[in-house]
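Chain by chain, the residues run as shown.
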Amino acid sequence: MRGCARRRGRPGVPLPGILLLIPPLLLALQLLGVGPRSPRGTRAQGAEEQEVAFSVINIEPERSPRQRGFPSRRPGLEEQEEEEEQEEEEEEEGGEAQDGERRRLARTYEDENEMLSRQPGSRTLQVQPWAADGPSFTAELDRIITYVTRPQVGCAEHHRQAQAAQAPADSPQWLLCADDWLLPAADTPCVAYSFSMEGLDADFLKTVSGLGCEVHRFDPSSSRASGGYRGNPLASNHGDRGVVSRHKMWLEWRAPRKRRQRTRSNLGSVSQTLADIMASLGHHTVHFLYADLLSAEWRVFQNWIESGTLQSVHHLVVQVHLQWAGFEVGGTNEEVLRYWFSVLRGLQASGLKLVHSSAGVGHSVLKQTVANIHSSYILSWVNAG
């Protein structure tokens, strides 16, 4: 019993000391990474590692795709760019060649048809204001009649229409100025055109033929053409002064959709603009032009104004019709009258001055009977522009 007591009573490590050793041991284990980690701590540390990973700056020199192991596409791009540059240079060279060809053709066309390439008088038809404060049939008609019955210029010498023996004394007549400044030089033949379907231009043809002009008559209803030409091709009669060349053709007022260069004696339809007819015949100037267009004159006038063709016409004799609005002219009566007056002012703005006026028969204006006003007028202009 004493032995056992002695063994129990032997001095050893006190319990409080052992307890004091536990915290340092756990701390050491924690530092060594052996101890348990909380999940929250793990996620926080992973987030910190992620943040550090995204904040890394690569200071390594940039390598080419070939050095990184990717196939280089630069040679192909360089070849493509070189091909594109070569194509651009070829296009530029081809464009310059085409431009040169266009300029050459333009110069040739200008030499052959100076009238078509130089149109300083081309303008847009300006619609005139109302004669009164608003639309008024009486005011618009009075303005037109005043305009067409008052000559704006006189001429010292003239040729009048021959008076037929059986014709009334007050029958309409035309007049042509024969002043030197309106006629071509002695060594240059004058050129005369006539557009008529009713054969009322016989005196005009006789007069200009007597002046030694190169004369062309246009009539779509004619069954014959000069020189045995069939259909509508034009053939000039240069050198045959006083001879009338007849053409089965009429005036067109609509501009063609696709303008093509017109060559001599190469027109493809029975209707052509005056500019195309002149180009086909090789004429730069028409010294005398007679036209009885049967109410198509207003739209034809507008085409001449807007194309500048009137710059190449020295004398113009036209019968204007007032019975109805005319081809492709619409609107109220007041609007039609204002349009007519706008066309007349456009002729004046293009250089034409009224030199003679002669009233026709009838007293109907836009299907209304009007006393002291005639249904038609033969108007003679000279180009004083």
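Before reading further, recall that the structure is shown in the block above.
This text gives an overview of the structure that appears in the document. (Residues numbered from 1 in each chain as written. Predicted model: local features only at pLDDT ≥ 70, side-chain atom pairs only at ≥ 80, totals over all residues. Heavy atoms only, no water.)

Here we take up the packing of aromatic side chains. Throughout the structure, instances matching the rule amount to 13 aromatic pairs. The interplanar angle of 15 degrees and the centroid separation of 5.1 Å between the aromatic rings of Trp298 and Trp340 together place this pair among those described as stacked. Of this pair, Trp298 sits in helix 10 (residues 297–307) while Trp340 sits in helix 11 (residues 333–349), and the two are 42 residues apart along the sequence. Taken together, Trp298, Phe301, Trp304, Trp340 and Trp381 form an aromatic cluster joined through their ring pairs. (Phe/Tyr/Trp six-rings, centres within 6.5 Å; stacked < 30°, edge-to-face > 60°. Helix = DSSP H or I, 4+ residues; strand = E, 2+ residues; numbered from the N terminus.)

Moving on to the pairing of strand 13 (residues 376–383). Of all eight residues in strand 13, eight are buried, a share of seventy percent or more. The alternating pattern of strand 13 places Ser376, Ile378, Ser380 and Val382 and Tyr377, Leu379, Trp381 and Asn383 on opposite faces, both of which are buried. Where strand 9 (residues 313–321) lies against strand 13, seven bridges are found, and the strand directions are antiparallel. Counterpart to Val318 in the pairing with strand 13 is Leu379. Sheet topology places strand 10 (residues 352–359) next to strand 13; seven bridges connect them, and they run antiparallel. Bridge assignment links Ser358 to a residue of strand 13, and that residue is Ile378. (Buried < 20%, exposed > 50% of the residue type's maximum accessible area, 1.4 Å probe, protein only. Pairing = 2+ DSSP bridges.)

Time to look at the side chain of His356. Of note, His356 is situated in strand 10. Relative accessible area serves as the criterion here: at 14%, His356 is assigned to the buried category. Ignoring sequence-local partners within four residues, the contact set of His356 consists of Pro151, Arg160, Gln173, Trp174, Leu175, Ile378, Leu379 and Ser380. (Contact = heavy atoms within 4.5 Å.)

Two cysteines form a disulfide when their sulfur atoms are joined by a covalent bond. Scanning the entire structure with this criterion turns up two disulfides. Two residues, Cys155 and Cys177, share a disulfide whose sulfurs are 2.3 Å apart. Given an S-S torsion of about -105 degrees, the disulfide between Cys155 and Cys177 has left-handed geometry. A residue pair is termed long-range when its members are at least 10 positions apart, and Cys155 in the loop between helix 7 (137–148) and strand 1 (158–160) and Cys177 in strand 2 (residues 175–177) qualify at 22 residues. Its relative accessible area of 1% is what places Cys177 among the buried residues. (Disulfide = S-S within 2.5 Å.)

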